[in-house]
Amino acid sequence: MTLRIALAAAALAAAVPSTALAELARISDRATFVATVQGRELSRLGISLRVSPNGSIAGRALGRDVTGTWEWQNGLFCRTLDAGDRQWERNCQAVSVDGGSIRFQADEGQGDIADFRIR
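Residues numbered from 1 in each chain as written. Predicted model: local features only at pLDDT ≥ 70, side-chain atom pairs only at ≥ 80, totals over all residues. Heavy atoms only, no water.

Visitor: What is the right way to look at helix α2 (residues 30–37) in this model?
Guide: What sets the pattern is the α-helix's 3.6 residues per turn: residues three or four places apart point alike. Listing the buried residues of α2 in full gives Phe33, Val34, Thr36 and Val37. For α2, the arc enclosing every buried residue in end-on projection is 160°, short of the 170-degree limit, so these residues lie on one face. With respect to the buried face of α2, the exposed residues turned more than 90 degrees away are Ala31 and Ala35. Between the side-chain oxygen of the N-cap and the backbone nitrogen of Ala31 there are 3.3 Å, and the N-cap of α2 in question is Asp29. Backbone geometry just downstream of α2 places Gly39 in the positive-phi region, at approximately 75°. (Buried < 20%, exposed > 50% of the residue type's maximum accessible area, 1.4 Å probe, protein only. Helix = DSSP H or I, 4+ residues; strand = E, 2+ residues; numbered from the N terminus. Arc of directions from axis to C-beta. Polar contact = N/O pair within 3.5 Å; in protein donor to acceptor, adjacent residues only side chain to side chain.)

Visitor: What's the story with unusual backbone geometry in this structure? I'm lost.
Guide: Across the chain, the bulk of peptide bonds are trans and the bulk of non-glycine residues have phi less than zero. If you check the backbone angles, Leu62 has positive phi at about 50° while not being a glycine. Relative to the helices and strands, Leu62 resides in the loop between β4 (56–61) and β5 (64–73). For Asn74, which is not glycine, the phi dihedral falls at a positive 50°. Along the chain, Asn74 falls in the loop between β5 and β6 (76–83). Assessed through its relative accessible area of 74%, Asn74 is described here as exposed.

Visitor: Explain the pattern of salt bridges to me, please; I cannot follow it from the model alone.
Guide: Tallied over the full model, the rule gives three salt bridges. Between Asp65 and Arg60 there is a salt bridge whose closest N-O contact spans 2.6 Å. Arg90 is the salt-bridge partner of Glu71, the closest N and O atoms lying 2.6 Å from each other. Taken as a pair, Glu71 in strand β5 and Arg90 in strand β7 (residues 86–97) lie far apart in primary sequence, 19 residues in all. Classification of Glu71 by relative accessible area gives partly exposed; the value is 38%. (Salt bridge = Lys/Arg side-chain N within 4 Å of Asp/Glu carboxyl O.)

Below is the structure:
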């Protein structure tokens with residue numbers, strides 16, 4: 001039950017509108033994306049992730065391990081994620097950056113937005 005509550009909280013956090021990022025620049029190629037995230041931690045309330053150039057995602061979300069895979073396809077970040085007993089199917093997302101933050105917008109740039117700090 002605790003995992004379900006934690007995942008519900010994470011889903012709610014993702015649904016809450018994020019503060020506007022200054023001067024967002026769309027990332028349209030894999031090389032720029034990798035240069036932006038390689039060796040860095042992406043974090044937001046209760047979530048900390050590392051996105052590796054080899055196509056893996058690893059981290060923690062509200063006390064649970066997160067794993068996943070990603071690939072760059074047609075200018076989009078396409079990922080799958082697992083956290084505990086919950087799986088998120090493949091979703092291709094538009095990515096934008098303003099230097100200190102990175103924004104992922106689900107459903108090919110038409111869906112929910114998740115902003116992360118780049119550390």
